[in-house]
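Chain residues, written in single-letter form:
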Amino acid sequence: MKRFKVMTMRKQTKNNLITFVGAAVLFFAMAALSQAGVLNNKITGLLVPIGIYVILAISLNLTVGVLGELSLGHAGFMCVGAYVSGAVSLVIQNSPNLAVPDWLRFALAIVLGGIMAAVFGVLIGIPVLRLRGDYLAIVTLGFGEIMKSLANNIYLVMDNNGLHFGFTQAPELGENSEGAKELLRGPIGMSAPQDTNIWVVSVVLLICLAALMMFIDSKSGRACMAVRDNYIAAQSVGINVTKFRLMAFTISAAIAGVAGALYSHSISLLAAKKFDYNLSILILVFVVLGGLGSMRGSIIATIILYALPEIFREVGNYRMLIYAIVLIGMMIFNNAPFFIQLRERIGASAPVRKLKGIFKKKKAGGVE
Amino acid sequence: MMSFVSYLVNGLSLGSIYALIALGYTMVYGIAKMLNFAHGDIIMVGGYAALITMATTWCPVWLAIVIAVVVCTVLGVVIEKVAYKPLRGAPPLAVLITAIGVSYLLQNVALLTQTANPKTFTSIAAGAPPFLLVFEGKAPLFFTAAADSPYGDLKPVLTISMETFLAIVVSIVIMVLLTLFINKTKAGKAMLACSEDKGAAQLMGINVNGTITLTFAIGSALAAVAAVLMCSTYPQITPYTGSMPGIKAFVAAVFGGIGSIPGAMIGGVLLGVIEQLSKAYISSQLSDAIVFLVLIIVLVVRPTGILGRKINEKV
């Protein structure tokens, strides 16, 4: 009976299932191997950031690949998630009256980080989604930089009298302020408890991946793709364009916030200047090279592109140079009309297309 | 009052540098419909070119500037030929990522050859006296003099450095020349035609590829001039010097309406003034955030920028 079901499964569902199971096997295997001590330190250290970047890439893929809008401010949502979750964790940890077990505190921090990022997604989405194309891109870039600047100026100090909040300068403490703890220290950053490990990242990643794939495969997800492919036609068949664009944008922001929460709990000192446009662009590179709209492509591209420069650290200063050249070369080889024709002429296009099919489900054309 | 004027003049100076960079962005966007993310790094290359040539003994300042302009122009044309030209007709996002790749490439070449340590840039107007505004009685006197001022006892109410003055004057001259070039010459009109409709321009016998190359050349040359002016005012240079001004100028171009040349000029100047005034009166840490906030408000009210044309989509 079960076998019969698999046979008649829709192609999309089957594809999603393969991606999900593949990611699950890969990440849990790596987690188990690193716990067993089989992997060396360098690779073990890479697993958590790779997982976090994969979450970021699949969430950005929803905006860029499925919704078809170029976003250059994804790091901003990650920043919101990182700061909110970090603050929540630190406050709970430093309150003697709150006896919350560690796992619950961490879970709460991740959820709150995601929710706050979603709130910001709605607040930013309402003005941003009035725009289209390059104007939308530049406004998301602006929002990313604004959130970075704001986070860079937040001070939060906790003492016996409670919480003190300061903006652009440390708050003044009153009487009886022994044992004051600086939780957020403006440009210096914060030191959230180090809770993130590869198991948590793997589980969160799989939850996010499943949620995203279910969204994309749902009626709403198809509405988003209709808006991407033809805005006016989608409007004319009665799709509420604004609603679906805002929905996808918010989900993307929320998942980026979750990634931010994992991130802030994974490094010892986190400063807001990490969340600049370079980070947004880095994630965008993962998404575009992986193939717009393809979750599997995003996962594979992120793992390869993040791990390679780290593994080849021995090459030292030349590695980023090589990375840049490879990036340009790949983009030209994959997209230049000349090379596409050349491949067709020498008949190499069939295997190449088959190979590309792994990475690319939708023909690049997601963004007009 | 006078401090306000002083901030305003500094803002105009910074803004005219932004405007020069923004012109490069906007011209390339207008004609090739691509966001040239590597433009900021061309500024950095121009800065290093001027720095290295000025460090040699035989090279006078004017020659260093000319060399910087030539280096940037050649670099811009080479980048266009090698990286962007093969991608003509490819999806815009592919071109964008390629531009990001070029930006990484330039930064890393600079890192390898010039190291990450900041280097001090000698101002092109080093030693030139500042302009002072002195009130004697009621009549304001404007003159260039430093310590040996004949009005030694009178305190100047306003001081404008030579670099600030140069940035404004040079930018105005370049903008006037550029406007004349575009509206009066054949090549300039060809650029306008290409940005309007490439296919039709080609049918009218315009060499579209040549025009695009010319656009990149002019944009990069402007970036070199901006680099020299900027590094003279803020005398430090690292491999990442170009990236923030590049982003700001990009914002300025969008602010004025991307693709519009007067828009880039207005956007750049406004952006510089807003940045300096918010640094002076609101908060120096938050000036970037304020600049972006103003941009967002402008775009939400006028979705295609100040001078951008509204494009109606047809089915």
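Predicted model only: the values in this text are computed from it and were never measured.

**Quick look at the overall build of chain A**
Here is step 1: When its secondary structure is counted, chain A shows 15 helices and three strands.
Here is step 2: Here chain A holds 368 residues, and the buried ones make up 45% of them.
Here is step 3: Expressed as a percentage of contacts within chain A between residues at least 6 apart in sequence, the contacts between residues at least 24 apart total 78%.

**Some words on the nonpolar core**
Here is step 1: Ile55(A), Ala68(B) and Ala226(B) are the most contacted members of the largest nonpolar core, which totals 207 residues.
Here is step 2: The greatest single-element share of this core, amounting to 16 residues, is contributed by helix H1 (residues 2-32) of chain B.
Here is step 3: Here this core spans two domains, since at least three of its residues come from each of domain 1 (11-297) and domain 2 (316-361) of chain A.
Here is step 4: Setting aside anything within four residues of it in sequence, one finds Ala68(B) in contact with Gly46(B), Ala49(B), Ala50(B), Ala224(B), Ala227(B) and Val228(B).

**Some details on the domain arrangement of chain A**
It is common to give the size of an interface as the accessible area that goes away when the parts come together.
Here is step 1: On domain assignment, one finds that chain A holds domain 1 (11-297) and domain 2 (316-361).
Here is step 2: For domain 1 of chain A and domain 2 of chain A, the distance between their C-alpha centroids amounts to 30 Å.

**Overview of the sheet that holds strand E3 (residues 181-185) of chain A**
Residues and elements named next belong to chain A.
Here is step 1: Spatial ordering of the open sheet is given by E2-E1-E3, a layout of three strands whose pairing is antiparallel. The sheet is open, and its two borders are formed by strand E2 (162-167) and E3, each paired with just one other strand. For this sheet, the mean inter-axis angle between neighbouring strands, taken without regard to orientation, is 15 degrees.
Here is step 2: Pairing analysis gives six bridges linking strand E1 (residues 154-159) to E2, with the strands arranged antiparallel. Each residue of the ladder has a partner; that of Asp159, found in E2, is Gly162.
Here is step 3: Across the sheet, helix H4 (residues 74-94) lies against E1, E2 and E3, angled at about 180 degrees from E3, the strand it touches most.

**Structural notes on the environment of Met204(B)**
Here is step 1: Positionally, Met204(B) belongs in the loop between helix H7 (198-203) and helix H8 (208-233).
Here is step 2: C-alpha of Met204(B) to C-alpha of Thr120(B): the two residues are 84 residues apart in sequence and 50 Å apart in space.

**Structural notes on the interface of chain A and chain B**
Here is step 1: The partner chain B presents 41 residues to the 38 residues of chain A that form the contact.
Here is step 2: A breakdown of the residues in the side of chain A that touches chain B according to their chemical character gives 28 nonpolar, seven polar and three charged.

**Considering the pairing of E1(A)**
Residue and element names in this part refer to chain A.
Here is step 1: Hairpin connection between E1 and E2: a loop of two residues separates the two successive antiparallel strands.
Here is step 2: As defined by bridge partners, E1 adjoins E3 across four bridges and the pair is classed as antiparallel. Within E3, the residue paired with Leu156 across the bridge is Leu184.

**Brief notes about helix H4 (residues 92-114) of chain B**
Residues and elements named next belong to chain B.
Here is step 1: The end-to-end C-alpha distance of H4, which contains 23 residues, comes to 33 Å, matching closely the 33 Å that a straight helix rising 1.5 Å per residue would cover.
Here is step 2: Extensive coverage of H4 is indicated by the burial of 17 of its 23 residues.
Here is step 3: A positive phi of about 60 degrees marks Thr115, the residue just after H4.

**Describing the packing of helix H10 (residues 261-281) of chain B against helix H11 (residues 287-301) of chain B**
Residue and element names in this part refer to chain B.
Here is step 1: At a closest axis distance of 9 Å, the pairing of H10 and H11 adopts a crossing angle of 140 degrees. In terms of orientation, H10 lies oblique with respect to H11. Relative to H11, H10 is oriented so that their crossing is right-handed. Residue-level inspection shows Leu271, Ile274, Glu275, Ser278 and Lys279 of H10 in contact with H11, the latter providing Ser287, Ile290, Val291 and Val294.

**What about the environment of Met213(A)?**
Residues and elements named next belong to chain A.
Here is step 1: Its place among the elements puts Met213 in helix H7 (residues 198-217).
Here is step 2: The class for Met213 is buried, based on 21 C-beta atoms found within 10 Å.
Here is step 3: Residues Met213 and Leu17 lie 196 residues apart in sequence; the distance between their C-alpha atoms is 9.3 Å.
Here is step 4: Leave out the neighbours within four places in its chain, and Met213 touches Asn16, Phe20 and Met295.

**With respect to the environment of Phe28(A)**
Here is step 1: If you trace the backbone, Phe28(A) turns up in helix H2 (residues 11-36).
Here is step 2: In the structure, Phe28(A) is positioned 175 residues away from Val203(A) in sequence and 8.7 Å away in space, judged by C-alpha atoms.

**Focus on unusual backbone geometry**
Residues and elements named next belong to chain B.
Here is step 1: If you check the backbone angles, Lys33 has positive phi at about 55 degrees while not being a glycine.
Here is step 2: Examined against the element boundaries, Lys33 turns out to sit in the loop between H1 and helix H2 (39-55).
Here is step 3: With 15 C-beta atoms counted inside 10 Å, the residue Lys33 sits in the partly exposed group.

Basis of the calculations
Residues numbered from 1 in each chain as written. Chains lettered and ligands numbered in written order. Predicted model: local features only at pLDDT ≥ 70, side-chain atom pairs only at ≥ 80, totals over all residues. Helix = DSSP H or I, 4+ residues; strand = E, 2+ residues; numbered from the N terminus. Buried ≥ 20, exposed ≤ 12 C-beta atoms within 10 Å, placed from the backbone. Contact = placed C-beta atoms within 7 Å. Core = buried A, V, L, I, M, F, W, Y, C linked by C-beta atoms within 7 Å. Domains from an automatic or database assignment. Pairing = 2+ DSSP bridges. Axes fitted to C-alpha atoms, helices over the stretch in contact; angles between N-to-C directions. Nonpolar A, V, L, I, M, F, W, Y, C, P; charged D, E, K, R; others polar. Expected span 1.5 Å × (residues − 1). Parallel < 35°, antiparallel > 145°, perpendicular 65-115°, else oblique. Left-handed = near helix turned anticlockwise from the far one by under 90°.

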